[in-house]
Amino acid sequence: MTNLVLFGPPGAGKGTQAEVLKEKYNLVHISTGDVFRFNIKNATELGSLAKSYIDKGQLVPDEVTINMLSAEVDKNPDANGFIFDGFPRTEAQAEVLEVLLKDKETEISAMVALEVDDEVLVQRLLNRGKTSGRADDADEEVIRNRIKVYYNETAILKEYYQKQNKYHGVDGVGSVGDITDRLSAAIDSL
Ligand code: AMP
């Protein structure tokens with residue numbers, strides 16, 4: 001099984017690359033942000049809980065996120081592997097993911113990370129906000145908060161996977177195709 005954590009700050013291009021990589025490597029793509037947005041759209045209990053955090057650019061609490069992620073993994077017992085997009089975002093989430101995969105006699109193969117400068121991220125997200133319909137892309141203050149939360153709570157996961165020799169960072173600026181090539185080179189080297 002190949003299990004990838006697709007990593008990077010908000011606006012780095014994780015969703016775009018996940019769409020390409022899931023086809024190329026025949027993996028199940030789980031985006032925790034997409035699952036939350038689906039639940040918000042369908043007015044579920046999980047959606048209304050998550051919305052208050054998402055709209056402010058804060059993280060949804062670990063317990064809620066972990067339960068949801070675990071259920072998504074269980075929905076795909078025959079998967080060839082997973083691309084986790086937007087998860088884990090905290091050390092607690094990374095630890096639980098490790099246990100969860102170990103129970104299935106597998107593990108994270110690699111963290112592939114898109115590296116992009118902050119000001120490029122802000123501009124990309126403001127642009128995306130014009131068409132994405134996402135409230136958290138429309139407000140520069142919320143965007144900057146999401147980037148701040150990334151540095152305060154999520155960026156530490158680079159070291160977490162580096163310690164396991166699983167971190168592969170690539171330049172996240174360029175054409176979609178070029179960036180896919182960089183990620184593929186990292187994945188093919190596993
Ligand atoms: P994303 O689509 O990955 O940019 O996520 C959008 C928002 O969903 C984030 O700003 C968080 O509020 C929430 N979210 C997504 N994934 C997680 C996660 N792993 N842990 C906590 N909150 C999350």
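Here the residue numbers are simple positions, counted from 1 along each chain's written sequence. Local features in a predicted model are, by the rule used here, given only for residues with pLDDT of at least 70; side-chain atom pairs are given and counted only at 80 or more, and totals for whole chains, interfaces and linings are based on all residues. Side-chain measures here rest on the full set of heavy atoms in the structure, leaving out hydrogens and waters.

Participant: Would you mind going over the overall build of the protein chain with me for this structure?
Facilitator: Under the scheme used here, helices are H or I runs from DSSP no shorter than 4 residues and strands are E runs no shorter than 2 residues, and both carry numbers assigned from the N terminus. If you tally the helices and strands in the protein chain, you get ten helices and five strands. Across its three principal directions, the C-alpha atoms of the protein chain cover 40 × 40 × 30 Å. The buried share of the protein chain, taken over its 190 residues, is 45%. The contacts in the protein chain between residues at least 6 apart in sequence include a share of 74% that link residues at least 24 apart. A 1.4 Å probe and the Shrake-Rupley method give the accessible areas. Residues count as covered only by the protein chains that appear here. Total accessible area on the protein chain stands at roughly 9,700 Å², and carbon and sulfur atoms take up 48% of it. The rule is simple: take the accessible area with a 1.4 Å probe, protein chains only, and divide by the maximum for that residue type; under 20% is buried, over 50% is exposed, in between is partly exposed. Residues are treated as being in contact if the distance between any of their heavy atoms lies within 4.5 Å.

Participant: Explanation requested: a negative patch on the surface in the structure shown.
Facilitator: Exposure above 30% relative accessible area and no salt bridge define the residues that can form patches, which grow by joining like charges within 9 Å and nonpolar side chains of Val, Leu, Ile, Met, Phe, Trp and Tyr within 5 Å. The term salt bridge refers to a side-chain nitrogen of Lys or Arg lying within 4 Å of a carboxyl oxygen of Asp or Glu. In this tally Asp and Glu are treated as negative and Lys and Arg as positive; neither His nor the chain ends contributes. To locate a charge, the coordinates of NZ of Lys, CZ of Arg, CG of Asp or CD of Glu are taken. A surface patch of like charges, here negative, comprises Glu91, Glu95, Glu98 and Glu159. With respect to the secondary-structure elements, Glu95 resides in helix 5 (residues 91-103). Residue classification places Glu95 among the partly exposed residues on the basis of a relative accessible area of 41%.

Participant: How should the site of the ligand be read in this particular structure?
Facilitator: Neighbouring residues of the ligand: 16 residues in total, closest Thr32, Arg37, Gln58, Gly86 and Arg89. Counted as a polar contact is a pair of N or O atoms within 3.5 Å, where, for protein atoms, one must be capable of donating a hydrogen and the other of accepting one, and residues adjacent in sequence contribute only when both atoms are in side chains. In the environment of the ligand, an oxygen atom lies 2.6 Å from a nitrogen or oxygen atom belonging to the backbone of Gln58. Taking 480 Å² as the accessible area of the ligand by itself, protein coverage stands at 96%. Ranked by the residues each element gives to the shell around the ligand, the list is headed by helix 2 (residues 32-41), at four residues. All amino acids are sorted into three groups, where Ala, Val, Leu, Ile, Met, Phe, Trp, Tyr, Cys and Pro are nonpolar, Asp, Glu, Lys and Arg are charged, and the leftover types, Gly among them, are polar. Class assignment for the residues of the shell around the ligand results in five nonpolar, six polar and five charged. Being near a molecule or strand, for a residue, means having at least one of its heavy atoms within 4 Å of it.

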